[in-house]
Amino acid sequence: MSWLHKKIFWWGANRRNPSLYKQFLELKKTERLSREELLKMQEERLKTFVEFAYKNSSFYKAHFEKTNFNPIENWSLENFKKTKPVSKADLINFNQEIHTPVSKNEKTFFVETSGTSGEILTFHRDELWDSFNRAAIWRGTSWYGVNPWDFSLYFWGYNSDFLKKTKLRFLDFLVNRFRVFDYNPKTMASIGSKLNRVKAIEGYSSMIYELAQINENNNLDFSSLKMVKGTSEKIMPHYQDVAQRVFGQRIISEYGATECSIIAFECPKGNMHITTEGLYTETDPETGGILVTNMVSRSFPIIRYQLGDEVKFKDSNFRCTCGLEHPVIEEVTGRIGSKIYGLDRSYPSLTLYYIFKNIYFNKRIKIDFQAHQFEKGKLQIWIKDKLSPELNKLILTEASNYFMDLELELIENNNFRENQGKLRDFISHIPS
Ligand SMILES: [Zn+2]
């Protein structure tokens, strides 16, 4: 059947993303460039793109002029970096002015994305951009020998709407994907004989983890599996142990955002290589967060955009043993501004990650948690399993190394996974 899915893939790709294959081949070619060549190409593309935005987007023209920047007359990285970063609110409030005119026969896709804070951003994505993003993912999966038409399992999670499910099932059939809506052992059993044909697994990492956990003793046969990819969520260290046992490999990560395309993809040596061919990334001197310029976002230019993540870049001298010289992101450490409030002090929500990571590394105890704050000075930590007095004490002791003026309440046996979508480890209910 795989020839059929390959055929369907090419038929669909030619209709929907005519430039996909060409862009994939280009990315495979630039994969071999040296760091110097890559950075040179990146700056040239950046200049061309910023000039394009200046000429075609009324928002960016005015925006650049505020710092007397005219990329046609006085281009330099230094001048570029004097322009003010663009926020998500800017993308929403000046949406129309940011869009560039697209010729009538050019294909665009309407995109809608909502962030954790609920506001919705919509924009038009041109075909080259859409295909570039797909090509970048394809290149990443090619490092593992996985093609877009290969049979894959996709963890989507909770969707009870029957019609929607049926529609998704049909679309999934076309792309040779089996979508899993829950991780009930029965559902997994129903996939049964298909499992040994699965080449790739993808989805939210917490869901992949739960699937692995539930099926730990079921001897699932994943003999064709080449890649397990987690998206959107932080991969906790204890996820990897279970993944290794059940899938025979660790969960690799892909880092991206709808408005930014694929920012980085983890290579088989465990390093997140930046898509230098299409993106220019910096650290925002003001917030310390990542700034992304998406150099393929022609229809809706994304320039020096505050994505909202705190990102640690690897030292520029670092070279990965996989041979790729694309710069590397060491860690996406967390969301900016997501704070836990003590009575007088505040703490980055990432602190929770470190507390549970320490407990795992020091005591080998895996704890699935989600923290909620309803008032300053108090924090509820919901724990999925039962809590023993020793574990209770252990968490409180570890937490006391970080939190000075915060009262902790641990709540056991809490299945916080029952809601839809991305799993967050901290949710603040305090109005900002
Ligand atoms: Zn590498």
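Residues numbered from 1 in each chain as written. Predicted model: local features only at pLDDT ≥ 70, side-chain atom pairs only at ≥ 80, totals over all residues. Heavy atoms only, no water.

Labelled according to an unreviewed UniProt entry, the protein appears under the name Phenylacetate-CoA ligase, originating from Algoriphagus zhangzhouensis.

> Outline the pattern of salt bridges, supporting the account with residue identities and numerical values.
Under the criterion given, the structure shown has 22 salt bridges. Residue Lys61 is joined to Glu65 by a salt bridge in which the shortest nitrogen-to-oxygen separation is 3.1 Å. Placement of both Lys61 and Glu65 in helix α4 (residues 58-65) is noted, with a separation of four residues, approximately one turn of the helix. Bridged by salt links that share partners, the residues Arg16, Arg125, Asp130 and Arg134 form one connected network. (Salt bridge = Lys/Arg side-chain N within 4 Å of Asp/Glu carboxyl O. Helix = DSSP H or I, 4+ residues; strand = E, 2+ residues; numbered from the N terminus.)

> Provide a residue-level description of the packing of aromatic side chains, including the pertinent values.
The tally for this structure, following the rule as stated, stands at 29 aromatic pairs. Ring centres of Phe69 and Trp75 lie 6.1 Å apart, and the angle between their planes is 45°; on these two criteria the pair is classed as tilted. Feature note: the residues Tyr54, Phe59, Tyr60, Phe64, Phe69, Trp75, Phe80, Phe94 and Tyr280 constitute an aromatic cluster, connected by ring pairs. Positioned over the ring face of Trp129 is Arg125, at 6.0 Å from the centre of the ring. Over the ring of Phe151 we find Arg197, and its NZ or CZ is 4.7 Å from the ring centre. (Phe/Tyr/Trp six-rings, centres within 6.5 Å; stacked < 30°, edge-to-face > 60°. Lys NZ or Arg CZ within 6 Å of the ring centre and 35° of its normal.)

> Give me the lowdown on the packing of helix α3 (residues 35-56) against α4, citing residues and values where you can.
Their axes nearest at 5 Å, the elements α3 and α4 cross at an angle of 105°. Accordingly, the angle class assigned to the pair α3 and α4 is roughly perpendicular. Between α3 and α4, the contacting residues are Val50, Ala53, Tyr54 and Asn56 on the first element and Ser58, Tyr60, Lys61, Phe64 and Glu65 on the second. (Axes fitted to C-alpha atoms, helices over the stretch in contact; angles between N-to-C directions. Parallel < 35°, antiparallel > 145°, perpendicular 65-115°, else oblique. Contact = heavy atoms within 4.5 Å.)

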